[in-house]
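Below are the chains, spelled out letter by letter.
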Amino acid sequence: MVLDGRRRLLALRLLRDGGFIDDDHPVEVFVETDRARQAAAVVLTNTAVPVHVADVVAAIGRMLTARLGVKAIARALGYGEIEIRRLASLSKLPAVALEALKTGRITLRQARLLARLKDKGQQVELAQAVLDGQGLQEWRIQEQLGEGRITNRDPRCGLVTPKLYSTEGGRTEADLFGELPPVLLDPEVLTRAWLKRAAEVAAPLEAEGLTVHLCAGDPDSGDKGPDLPEDLEQLYYAYGGLSEAATIVYRAARERAQTAAEAVATVEPESPDEDAAGRLAAFVQARLAQDQAGAGQRIATALVLRPSLRTGVEVECYGPAEEAEPARSAADEADEVEDATEEQGRLVPRCAYAPPRAAAPAPEVEGVSHVLHATRTDMATRGLIRALADAPEVALTALVARLFGTVAVWPPVGRSETALAISASAFNPSGGRIVEALDGAVRERLDERRRAWEASGMTMIAWVHAMDSADRLGLLAELTALSLDLREDRTSLVRKTARTEAAEIADLCDADIARWWTPDGAYLRPHSREQLLTMLERMGAETDAAARLRKGDLVAWTEDQAKARNRAPACLSWSLASEDAADAGERHDEGEAMNEDPEVDSEADSDSASGVGVFVVTPSGEAALVDAVEGDAAG
């Protein structure tokens, strides 16, 4: 027990130097012959000097080399076998990695991250880069660990329970350190189990005459689904094309579908299979009814079922394509309607409505040449311009009516059919995606306005002018808002002037997108892993565990965190104040990063890296690890 007797030896030397004893003073020495206690004595030196965790790891590695079993080591140290196994896993790290851990270049968490790599050469390369002052490139390790990993956050797990996966022969691998979710080792078994459950859902639908396609692939991996006939198109909610009664039916169907989805999402894994199957069937039927009602009660002939983590399946309804009915007889107006329909990205049925026309003087064309007619109409236009400029209320009416006929009415009133030479178009992104909480809410308001105009039996200008000032301004705001288009399809096509106008508008109306919407999966998927982690960090969410998730799981995690915190990225705000605040935050973060040690992640990791109090001796004489290391090793 030479190491444990260090303080005793120093005391004896002090007595000798003081003349109290001489070199022949006899000292009793106890010799330990039990190998496990010998190893424990070597480790338990913190009674004199604190031991670094890297020394503990190396000592356990030597015990294993001496053919001491995990149980024997755990019994000698008085600690659980799982913690010894975790430290034993770290003992397999190369010496350069343990040196980096002992010198504080990497933390215990980062050492565990290195230990998960299978390639020893890469472990040495990364650890050596740390010792050379380059830091640990955690993103490289995370990418390798996340590549091909299937966890319980996979969309197929929404329909396949762990019990069903195990019954089908699927294997699961748990993380030794308890930091990562379990990995499903047999993705083909998971797919087979999902298809089996989805086929049970599709059976009653196929009995009704529907064609059901099961698509178990992950859309993020490039699987776009089955090849559908060209004469089929997906059924959507026809904004601007449903009557008031049809809209009421659609909203009721949408409410039922949302209620059914919530019922499916709240099913516990331990619930009876009959209960879960009944709720899932009700959800699919409700989604089918919703899409058919939203498309004007068009018949759905085909369904595509995809995996969904929340509801088990995601339903896409398809029906025969229908051509839009041209509402104008003139050839140019028919062409305009066709072009506008193509811009919508999909063809939907539209209700036919013939608006009334106000009385107007007949033109004098008998014996009048084209030049004279053009001169007369030109001068009459100038006269009305002067009169309208002196009547602001009438000008507001005319402007609102023109925008209403262009943006909210279908088919839109063409340029040749209106008095004002003003053209506008509604925001219409490619792909036809509409966010219900944002532009979808504005479109529904205009739907209500359109139905009110049709029910009034008045001309468009008369109907607008009959409104009170507040309603007219509200309609103008909705029409103007839906005509906004600030998209930039490429990073090299930045619309600087449009951005300045958008910033002014945002500041004037105190715009904050988080009031109505937080980032969803469709928005988050184009982001890289690093961008998602930065987004989580800026919203104050935990990033260490998220950094170890695969891309699909990270997207879902970010969506949940943003919703829980009611946060939206600053880049979605056009407000100058928000942009300045974001820039200031970035500069502050960069300043802190320059002033702090980049290798130290947290106070807990720093304490663990220093190794203070790694082991203590209990009153019973057994050795045990302190709570700080226990929590760190357990992740």
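Residues numbered from 1 in each chain as written. Predicted model: local features only at pLDDT ≥ 70, side-chain atom pairs only at ≥ 80, totals over all residues. Heavy atoms only, no water.

On to the overall build of the chain. When its secondary structure is counted, the chain shows 26 helices and 8 strands. Split into buried and exposed, the 635 residues of the chain put 38% on the buried side. Expressed as a percentage of contacts within the chain between residues at least 6 apart in sequence, the contacts between residues at least 24 apart total 68%. Accessible area for the chain stands at about 35800 Å²; split by element, carbon and sulfur atoms hold 54% of it. (Helix = DSSP H or I, 4+ residues; strand = E, 2+ residues; numbered from the N terminus. Buried < 20%, exposed > 50% of the residue type's maximum accessible area, 1.4 Å probe, protein only. Contact = heavy atoms within 4.5 Å. Areas by Shrake-Rupley, 256 points an atom, 1.4 Å probe, with all protein chains shown as cover.)

Time to look at helix α6 (residues 95-102). Those residues of α6 lying buried are Val96, Ala97, Leu98, Ala100 and Leu101. The positive-phi residue at the C-terminal boundary of α6 is Gly104, with phi of around 80°.

Moving on, we get to the sheet that holds strand β4 (residues 232-234). With mixed pairing, the 4 strands of this open sheet are ordered in space as β3-β5-β6-β4. Each edge of the sheet is formed by a strand with only one pairing partner; in this case those strands are β3 (211-214) and β4. The mean inter-strand angle of the sheet, taken between neighbouring strand axes irrespective of direction, is 30°. The pairing of β4 with strand β6 (residues 312-320) spans 3 bridges and is antiparallel. Residue pairing in the sheet places Gln234 in a bridge with Tyr318 of β6. This element, helix α11 (residues 187-207), spans β3, β5 (302-308) and β6 of the sheet and lies at about 170° to β3. Lying on the sheet, helix α13 (residues 273-294) is in contact with β5 and β6; it crosses β6 at an angle near 35°. (Pairing = 2+ DSSP bridges. Axes fitted to C-alpha atoms, helices over the stretch in contact; angles between N-to-C directions.)

This next bit is on unusual backbone geometry. Positive phi, normally seen in glycine, also occurs at Arg67, with a value near 65°. Locating Arg67 in the fold gives a position in the loop between α3 (53-65) and α4 (70-77). Backbone geometry places Asn566, a non-glycine residue, at a positive phi of 55°. Along the chain, Asn566 falls in the loop between α23 (551-565) and α24 (576-595).

To continue, consider the nonpolar core. One finds Leu90, Leu93, Ile106, Leu114 and Ile141 to be the most contacted residues of the largest nonpolar core, which totals 36 residues. Among the elements of the structure, α3, α4, α5 (81-90), α6, α7 (108-115), α8 (120-131) and α9 (138-146) are those that each provide at least two residues to this core. If we skip the residues at most four places from it in the chain, Ile141 touches Leu113, Leu114, Leu117, Leu126 and Leu136. Membership of the second largest hydrophobic core comes to 35 residues, among which are Tyr165, Leu210, Ala257 and Ala300. (Core = buried A, V, L, I, M, F, W, Y, C linked by side-chain atoms within 4.5 Å.)

Turning to the confidence of the model for the chain, a few remarks are in order. Summing up the model confidence of the chain, the mean pLDDT is 76 and the portion of residues at 70 or higher is 79%. In the model, residues 578-635 has pLDDT below 50 throughout and makes 82 contacts with residues more than four positions away in sequence or in other chains. (pLDDT = per-residue confidence, 0-100.)

Another point: the environment of Val53. Within the secondary structure layout, Val53 lies in helix α3. Note: C-alpha distance between Val53 and Lys102 (49 residues apart in sequence) is 7.4 Å.

Here we take up a nonpolar patch on the surface. A cluster of nonpolar side chains, namely Val27, Val29 and Val31, defines an oily patch on the protein surface of about 300 Å² accessible area. Here Val27 is to be found in the loop between α1 (6-17) and α2 (35-43). The exposure class of Val27 is partly exposed, given its relative accessible area of 42%. (Patch = residues over 30% accessible without salt bridge, like charges linked within 9 Å, V, L, I, M, F, W, Y side chains within 5 Å. Salt bridge = Lys/Arg side-chain N within 4 Å of Asp/Glu carboxyl O.)

Where α3 contacts α6, the axes come no closer than 8 Å and their chain directions differ by 150°. What the angle tells us is that α3 and α6 run roughly antiparallel. Here α3 contributes Val53, Ala54, Asp55 and Val57 to the contact with α6, which in turn contributes Leu98, Leu101 and Lys102. A per-class count over the contact of α3 with α6 returns 5 nonpolar, no polar and 2 charged. (Parallel < 35°, antiparallel > 145°, perpendicular 65-115°, else oblique. Nonpolar A, V, L, I, M, F, W, Y, C, P; charged D, E, K, R; others polar.)

Of all the 9 residues making up β6, 7 are buried; the element is thus mostly covered by neighbouring parts of the structure. In terms of strand pairing, β5 meets β6 through 7 bridges, oriented antiparallel. For Leu305, the partnering residue across the bridge sits in β6 and is Val315. Here β5 folds back onto β6 in antiparallel fashion, the turn holding 3 residues.

With that settled, the discussion passes to the pattern of salt bridges. Evaluated as defined, the whole model comprises 26 salt bridges. Between Glu168 and Lys196 there is a salt bridge, and its shortest N-O distance comes to 3.3 Å. Of this pair, Glu168 sits in the loop between α10 (162-167) and β1 (172-173) while Lys196 is found in helix α11, placing the two residues 28 residues apart along the sequence. Assessed through its relative accessible area of 21%, Glu168 is described here as partly exposed. The exposure class assigned to Lys196 is partly exposed, which follows from its relative accessible area of 44%. In the salt-bridge network here, residues are joined through shared partners; they are Arg251, Arg254, Glu436, Glu444, Glu448 and Arg451.

So, about the packing of aromatic side chains. Applying the stated criterion across every chain, the model contains 4 aromatic pairs. Ring geometry for Tyr237 and Tyr250: centres 4.1 Å apart, planes at 5°, overall stacked. Of this pair, Tyr237 sits in the loop between β4 and α12 (244-265) while Tyr250 sits in helix α12, and the two are 13 residues apart along the sequence. Of the two residues examined, Tyr237 and Tyr250, each falls in the buried class. Between Phe404 and Trp453, the ring centres sit 5.9 Å apart and the planes meet at 85°, which makes this aromatic pair edge-to-face. One end of the pair, Phe404, is in helix α16 (residues 392-407); the other, Trp453, is in helix α17 (residues 439-456), and 49 residues separate them in sequence. Pair check on accessibility: Phe404 and Trp453 agree, each one buried. (Phe/Tyr/Trp six-rings, centres within 6.5 Å; stacked < 30°, edge-to-face > 60°.)

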